[in-house]
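Given next are the chains, with one letter for each unit.
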Amino acid sequence: MPTDPYEDDLTDLPPARPVHYAEQALLGALLLDPHRLDDIGDLDAGQFDNHAHGALFQAMRTVPSPAPEIHRSGPGWLNTVLDAARPHAPGLTASYLHALIQVCPWPRHAPTYARMIRADHARRTLLIHAERLAQTATDTTLPNPVATTVGQADTLVQFLDTLAGQFASHPGSLPHTSVPGTALVRSSEEALDEERLLLAAATAHPAELKNMRWLQPDDFTLPLHATVWQCLTALVHNGEPVDQVTVLWEAQHRGLLADGLAPGELITLLSAPVGSPEYWGERVLQRALLASAFDVATRITAYAQDPANTPHQLITGSRRALADLTAVRTRWQRSTALTPPPSRVSRGPAVSRAGPPPRAVAPSARALR
């Protein structure tokens, strides 16, 4: 991010990143040959990493360029530019402007220096978008977290589309950045309770599972619950009777009992139905969508924090990451599209789509962690 204009110390900077030298080289080239402003393309002052550099560039854009012969004969234009920039960057001095001219290797390389600045700005902006997505996905105060998170993801997609039009693509450009594991912990007590209630409700109302293909085992936070869900869907798919005992028998074939799960514990888990399977299924899928958004944001953040990645690598890697979120989002849209209007929802105690009160849990199944 750009530094505070009143905290810029152009003589005592921390170890500089390559973009700092690109900014210096570009400014030096433009101070030496102002006519090169027409050659650097669509560069904005806000794309500079250093605030003082951006202010100086903006002053060059504002002050009319001098005639070449006049510019060669005296420092008049340099002084005018400095006077225009100082109100926005008090740390600028005439000596620093002359230093910029001296450190510029080749003024004719100005378009390349400008491209470097745009690329670094794109990386920093992508990082901001990714951080916002992560914050949105974990914000428990949002009234509609899915809609807000999806909206933030759409904003990120639009930014990537804009970048794709600014930087030429080339093949074989995937990021090689090591991405850390997802730090978001979804296995909260509330999440586990909702999964238990889903499994119990699905056992009591297995017919509803035929319309719940939008829910997948990977959406569960606990592998045990995911396997029990697979047992239920397999029985329904095969047209077999579904109750606590038949699910237990299927679980035995899938090795759940060999992992230390007592048969009585599974029977207890499936014997406390509350609400409808679709209600609890949507709750589980919502958590999966938000977790996926956080995971995508984590991956894109890692890409953007790695300066070795080119803009095209950032675009390609970010789009691939977002594809995973799109898959979950599509299933979420399918689940909500099947929700009947509130006036048509049955309000019976065992099948209400609205589900039980928020704090309703299956206390007898709490041991199943």
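Below or above, wherever it landed, is the structure these notes cover. Quantities reported herein were computed from a predicted structural model and do not represent experimental measurements.

Here we look at the overall build of the protein chain
- Helix and strand content of the protein chain: 13 helices and zero strands.
- Listed by position from the N terminus, the elements making up the protein chain come as α-α-α-α-α-α-α-α-α-α-α-α-α.
- Within the protein chain, buried positions represent 46% of all 369 residues.
- Considering only contacts in the protein chain between residues 6 or more positions apart, those separated by 24 or more positions represent 77%.
- Just so you have it, the protein chain exposes about 18300 Å², and 55% of that area is on carbon and sulfur atoms.

A few points about the side chain of Thr203
- With respect to the helices, strands and loops of the structure, Thr203 is situated in helix H8 (residues 189-204).
- Given a relative accessible area of 6%, Thr203 falls into the buried group.
- From its side chain, Thr203 meets the backbone oxygen of Leu199 in a polar contact 2.8 Å long.
- Sequence-distant contacts of Thr203, defined by excluding residues within four places in its chain, comprise Leu232, Val242, Asp243, Gln244, Val247 and Leu270.

Describing the packing of H8 against helix H9 (residues 223-237)
- At a minimum axis separation of 11 Å, H8 and H9 run at an interaxial angle of 15°. In this view, H8 runs roughly parallel relative to H9, as classed from their interaxial angle. Here the hand of the crossing between H8 and H9 comes out left-handed. Across from Leu192, Glu195, Arg196, Leu198, Leu199, Ala202 and Thr203 in H8, the residues of H9 making contact are His225, Val228, Trp229 and Leu232.
- Classifying every residue of the contact of H8 with H9 by side-chain character gives seven nonpolar, two polar and two charged.

Observations regarding the nonpolar core
- One finds Leu215, Val228, Trp229 and Leu232 to be the most contacted residues of the largest nonpolar core, which totals 65 residues.
- Membership of the second largest hydrophobic core comes to 35 residues, among which are Val81, Leu82, Ala89 and Tyr96.

Notes on the pattern of salt bridges
- Applying the stated criterion to the full structure yields 18 salt bridges.
- A salt bridge links Arg124 to Asp120; the nearest nitrogen and oxygen atoms lie 2.5 Å apart. Here Arg124 pairs with Asp120, and both are found in helix H6 (residues 110-137), just four residues apart, close to one helical turn.
- Given a relative accessible area of 10%, Asp120 falls into the buried group.
- When the shortest N-O distance is used, the salt bridge between Arg196 and Asp193 registers 2.4 Å. Here the residue Arg196 and the residue Asp193 both occupy positions in helix H8, the gap between them amounting to three residues, near one helical turn. Residue Arg196 shares its accessibility class with Asp193, and that shared class is buried.

Section: helix H1 (residues 18-32)
- Across its 15 residues, H1 extends 21 Å between first and last C-alpha, which sits within 8% of the 21 Å expected from 1.5 Å per residue.
- Of all 15 residues in H1, twelve are buried; the element is thus mostly enclosed.
- What H1 keeps buried is the set Val19, His20, Ala22, Glu23, Gln24, Ala25, Leu26, Leu27, Gly28, Ala29, Leu30 and Leu31.
- For H1, the elements touching its buried residues are helix H2 (51-62), helix H3 (68-73), helix H4 (76-85), helix H5 (94-103) and H6.

Regarding the environment of Leu222
- Here Leu222 is to be found in the loop between H8 and H9.
- Using a relative accessible area of 12% as the deciding quantity, one classes Leu222 as buried.

Re the packing of H1 against H6
- Where H1 meets H6, the closest approach of the two axes is 9 Å, and the angle between their N-to-C directions is 140°. Considering their axes alone, H1 and H6 lie oblique with respect to each other. Judged by the sense of rotation from one axis to the other, the crossing of H1 with H6 is left-handed. Contacts between H1 and H6 pair Val19, Ala22, Glu23, Ala25, Leu26 and Ala29 from the former with Ala110, Tyr113, Ala114, Met116, Ile117 and Asp120 from the latter.
- For the contact of H1 with H6, the class distribution of residues is ten nonpolar, no polar and two charged.

Definitions and cut-offs
- Residues numbered from 1 in each chain as written.
- Predicted model: local features only at pLDDT ≥ 70, side-chain atom pairs only at ≥ 80, totals over all residues.
- Heavy atoms only, no water.
- Helix = DSSP H or I, 4+ residues; strand = E, 2+ residues; numbered from the N terminus.
- Buried < 20%, exposed > 50% of the residue type's maximum accessible area, 1.4 Å probe, protein only.
- Contact = heavy atoms within 4.5 Å.
- Areas by Shrake-Rupley, 256 points an atom, 1.4 Å probe, with all protein chains shown as cover.
- Polar contact = N/O pair within 3.5 Å; in protein donor to acceptor, adjacent residues only side chain to side chain.
- Axes fitted to C-alpha atoms, helices over the stretch in contact; angles between N-to-C directions.
- Parallel < 35°, antiparallel > 145°, perpendicular 65-115°, else oblique.
- Left-handed = near helix turned anticlockwise from the far one by under 90°.
- Nonpolar A, V, L, I, M, F, W, Y, C, P; charged D, E, K, R; others polar.
- Core = buried A, V, L, I, M, F, W, Y, C linked by side-chain atoms within 4.5 Å.
- Salt bridge = Lys/Arg side-chain N within 4 Å of Asp/Glu carboxyl O.
- Expected span 1.5 Å × (residues − 1).

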